[in-house]
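Examination of the molecular architecture
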Amino acid sequence: MTNESKKADSRTGARKSIRFLPVAPLPENLPEGRLAIADMANAFGVTHRTLHFYEEKGLLTAARVGPMRVYGPEEIQQMAVVNTCRETGMPVAVIQELLEHLSAAESQEEADGVFRNAMTARKRELAAQQSTIRRQMQQINELLDFSAAHESETNDNTPSASLAAAELRCLTLMAEGYPTSRIARALEIEPGEVQVMEKNIIAKFNSNNRFQAVAKAVMLGIVGH
């Protein structure tokens, strides 16, 4: 065989026929005898393009009757194997390798063992993926919980109502460490009015005292350090 012929065989996925195929579920109401490509596609719920793709990758073969592709019992059973593998998410390259091993099988028992080993390996892969997905879901849940807690904390720091101009001036003086008496003189109001204003500011910041209110105001950038 020339190098060009070998390359052509590699591109078309040519391989020797498989004498022993493992048992795989066939579609219900499968027509008897050989199937045309349209019947094959309908039976397995795939498109014509998918069947062409499988043939290009060496996963399936078809005979020809004139211009028509037709599939006999062996090709139908091979399609059942390929379809089962694809439904488990098995990559095409892995199916190609599986078919290579099946083509080398010298008995039905060996072929069944090869197929069973492939399914077991795929099961392990899916279990590992499931574990990874669970871990990623846990990470997402923790992130969402953290975001919700952070948002709640931010909301707690945010004034429940906007500050009036006099309250903002009072808060600024509170942040500068002014006592109630000095704030009263600066705002030219009575100390009792300042006390009421401070209580309102503390309440708007959901705080317990003036120090907490000032700390939240600084954190939010409402007043400077």
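An unreviewed UniProt entry lists the protein chain under the name MerR family transcriptional regulator, with Shinella lacus as the source organism.

A few points about the pattern of salt bridges
Side-chain pairs of opposite charge can arise whenever the charged atoms involved come near each other. Within this structure, the stated rule accounts for 4 salt bridges. The residue Glu55 makes a salt bridge to Arg69 at a minimum N-O spacing of 2.9 Å. Taken together, the positions of Glu55 in helix H3 (residues 48-56) and Arg69 in strand S3 (residues 68-71) put the pair 14 residues apart, joining distant regions of the chain. In this structure Glu55 comes out as buried when scored by relative accessible area, which is 16%. Here Glu167 makes a salt bridge to Lys204, at a shortest N to O gap of 2.7 Å. Of the two residues, Glu167 sits in helix H7 (residues 165-175) while Lys204 sits in helix H9 (residues 191-204), which places them 37 residues apart along the sequence. Each member of the pair, Glu167 as well as Lys204, is classed as buried.

Let's talk about the packing of H7 against H9
The geometry of H7 relative to H9 is characterised by a closest axis approach of 10 Å and an angle of 90° between their N-to-C directions. Viewed along their axes, H7 and H9 adopt a mutual orientation that is roughly perpendicular. On H9, the residues that touch Ala166, Glu167, Cys170, Leu171 and Met174 of H7 are Val194, Met197, Glu198, Asn200, Ile201 and Lys204. Considered class by class, the residues forming the contact of H7 with H9 number 7 nonpolar, 1 polar and 3 charged.

Criteria and cut-off values
Residues numbered from 1 in each chain as written. Predicted model: local features only at pLDDT ≥ 70, side-chain atom pairs only at ≥ 80, totals over all residues. Heavy atoms only, no water. Salt bridge = Lys/Arg side-chain N within 4 Å of Asp/Glu carboxyl O. Helix = DSSP H or I, 4+ residues; strand = E, 2+ residues; numbered from the N terminus. Buried < 20%, exposed > 50% of the residue type's maximum accessible area, 1.4 Å probe, protein only. Axes fitted to C-alpha atoms, helices over the stretch in contact; angles between N-to-C directions. Parallel < 35°, antiparallel > 145°, perpendicular 65-115°, else oblique. Contact = heavy atoms within 4.5 Å. Nonpolar A, V, L, I, M, F, W, Y, C, P; charged D, E, K, R; others polar.

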